[in-house]
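For reference, the chains in residue letters:
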Amino acid sequence: MHAVGLLLLFFPYATLCAQEQGLPQEQLQLLNEAIGQIREHGLRIPASPNTVRSDILRAYSRSLDSYSDYLSAPEYRGFQESTSSDYFGVQMDLQEKEGRLLLFPFKAGLAAKSGIRAGDELLAVNGMPVYGKSVYVVGSHIRGEEGTTVQLTLRSGKSLGRTLSLRRSRAHYQSVLYTMVAGVALVEITRFTQDTADQLEQVLSQLKKDVVLILDLRGNQGGSLVNARRCADFFIAKGRVLFCLRGRKQEKLIVSNQQALVENPVLLVQDAATASAAEAFILALRSNHRALSLGAKSYGKGLAQRFLPLADGSALRLTYAEILAADGVSYHGRGLFPDRELPKEMLTADLSQEDTIKRLLNYAQVEDN
């Protein structure tokens, strides 16, 4: 197929010469001319014309902001698998920071058991460097068939890189972990998946009314904004504003659409790795005076993305809105400061220990019931 035909496939309305619907005809012709020159005179040319389309879409998407991207059909299928609680992987999250990919293993998961620590930098997957590549693209390469192995090259801090071989396995991921410590309900929400709201609802239905509830969101990289909003509903009266989504053309208030499930006093624990949907959850509870936050300033990702599937099974991931507090204040790039900061040793402390819980309550000045 000729290059111009390929371009018409992914700029379907270009002939209308409307800027919002595609490229004007003269720009389309110039792009086609440039591609022709590259294919004729370049030392290396794409093995397949399809890579031209993918490369252009990927570059154009990434030029919008650091969270927008283009995923090929296999990459998009891999991402969809990762949003389920059942998938074949090594149980960890990836976070992009200034072109580097940082690792955050799930508690008691395969990655953590293999010695990977939160904040380790991923250098390569199966020998292929990952610097500057999309989190979602790299994640799709880490996932694969059950029982197969993947080689991860990583480093901790400024140490030399090391390579680990991990065998992919099916993992039913429990994103909500619950225990009672010193008379306090400790609930760790490690990420927001499609099952998190159901798991949290089950835990909350067991609580006595006078029990202090601690929600540990340290290291929670976010996940599903829809499910983070559902979880916030459990604590906030119906009709109250949770947060605001400001798009290019309009703003939308996101409000609680059900009666609160619990009225227990709530403490939130956050750190520098608390990001995205987890920050929106914290924002909703704090702005409605339903929780006190402890810890350190959060990551500061206040942009919402959605996937737009394309005809060949690929998809665009586009930022469509900024997440704002009900009063219109933005935290993107700045993070959410806690109500009360915790010393460094408390930020990494094991909250399942009775002494640690008592110290945390002292910082919060909440009486141990």
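Above this note sits the structure.
In what follows, the accompanying structure is described. (Residues numbered from 1 in each chain as written. Predicted model: local features only at pLDDT ≥ 70, side-chain atom pairs only at ≥ 80, totals over all residues. Heavy atoms only, no water.)

Observations concerning helix α6 (residues 135–142)
Heads up, the rule is: The buried label goes to any residue with under 20% of its type's maximum accessible area, the exposed label to any with over 50%, and the partly exposed label to all in between, with areas taken from a 1.4 Å probe on protein chains only. Only runs of H or I of at least four residues qualify as helices and only runs of E of at least two qualify as strands under DSSP, and these elements are numbered from the N terminus.
Of all eight residues in α6, seven are buried, a share of seventy percent or more. Within α6 the residues assigned to the buried category are Val135, Tyr136, Val137, Val138, Gly139, Ser140 and Ile142.

Observations concerning the side chain of Glu188
Test applied: Between two residues, a contact is recorded if the distance between any of their heavy atoms is within 4.5 Å.
As for its placement among the helices and strands, Glu188 is situated in strand β11 (residues 184–189). For Glu188, a relative accessible area of 14% puts it in the buried group. With near-sequence residues (within four places) excluded, Glu188 lies in contact with Lys107, Ser175, Val176, Leu177 and Asp216.

Let's talk about the environment of Arg100
Our working definition: Distance and chemistry together define a polar contact, namely a pair of N or O atoms within 3.5 Å, with one atom able to donate a hydrogen and the other to accept it when in protein, and with adjacent residues in sequence counting only for side-chain atoms on both sides.
The topology assignment puts Arg100 in strand β4 (residues 100–105). Residue Arg100 is classed as partly exposed on the basis of its relative accessible area, which comes to 32%. Residues Arg100 and Ala59, spaced 41 residues apart in sequence, show a C-alpha to C-alpha distance of 18 Å. There is a polar contact of 3.4 Å between the side chain of Arg100 and the side chain of Glu121.

Section: the pattern of salt bridges
How we decide: Put simply, a salt bridge is a Lys or Arg side-chain nitrogen that is within 4 Å of an Asp or Glu carboxyl oxygen.
For the structure shown, the criterion picks out 15 salt bridges. Between Glu121 and Arg100 there is a salt bridge; the shortest N-O distance is 3.4 Å. With Glu121 in strand β5 (residues 120–125) and Arg100 in strand β4, the pair connects residues that are 21 residues apart, well separated along the chain. With its nearest N and O atoms 3.7 Å apart, the salt bridge here joins Glu345 to Arg359. In this pair, Glu345 sits in helix α10 (residues 344–347) while Arg359 sits in helix α11 (residues 354–364), placing the two residues 14 residues apart along the sequence. Under the relative-accessibility criterion, Glu345 is labelled partly exposed at 47%. For Arg359, a relative accessible area of 36% corresponds to the partly exposed category. Via salt bridges that share partners, Arg58, Arg62, Asp69 and Glu75 belong to a single interconnected network.

Comments concerning the pairing of β4
Note the following rule: Pairing between two strands requires that DSSP report at least two bridges joining them.
Note: strand β3 (residues 92–97) against β4, six bridges, orientation antiparallel. Bridge pairing in β4 links Leu94 to Leu103. Taking the residues between adjacent antiparallel strands as the criterion, β3 and β4 are bridged by two residues, where Glu98 takes a positive phi near 55°. Alignment of β4 against β5, held across three bridges, turns out to be antiparallel. Paired with Leu102 across the two strands is Glu121, which belongs to β5.

Side note on the packing of aromatic side chains
Heads up, the rule is: Two rings from Phe, Tyr or Trp (for Trp, the six-membered ring) form a pair when their centres sit within 6.5 Å of each other. Planes less than 30 degrees apart are called stacked, planes more than 60 degrees apart edge-to-face, and all others tilted.
Tallied over the entire structure, the rule returns three aromatic pairs. Between Phe192 and Phe281, the ring centres sit 5.6 Å apart and the planes meet at 45°, which makes this aromatic pair tilted. Taken as a pair, Phe192 in the loop between β11 and α7 (196–204) and Phe281 in helix α9 (residues 277–287) lie far apart in primary sequence, 89 residues in all. Each of the two residues, Phe192 as well as Phe281, counts as buried. Relative to Phe281, the ring of Phe235 has its centre 6.2 Å away and its plane inclined at 75°; by these criteria the two rings are edge-to-face. Separated by 46 residues along the polypeptide, Phe235 in the loop between α8 (225–233) and β13 (241–246) and Phe281 in helix α9 bring together distant segments of the chain. Judged by its relative accessible area of 1%, Phe281 falls in the buried class.

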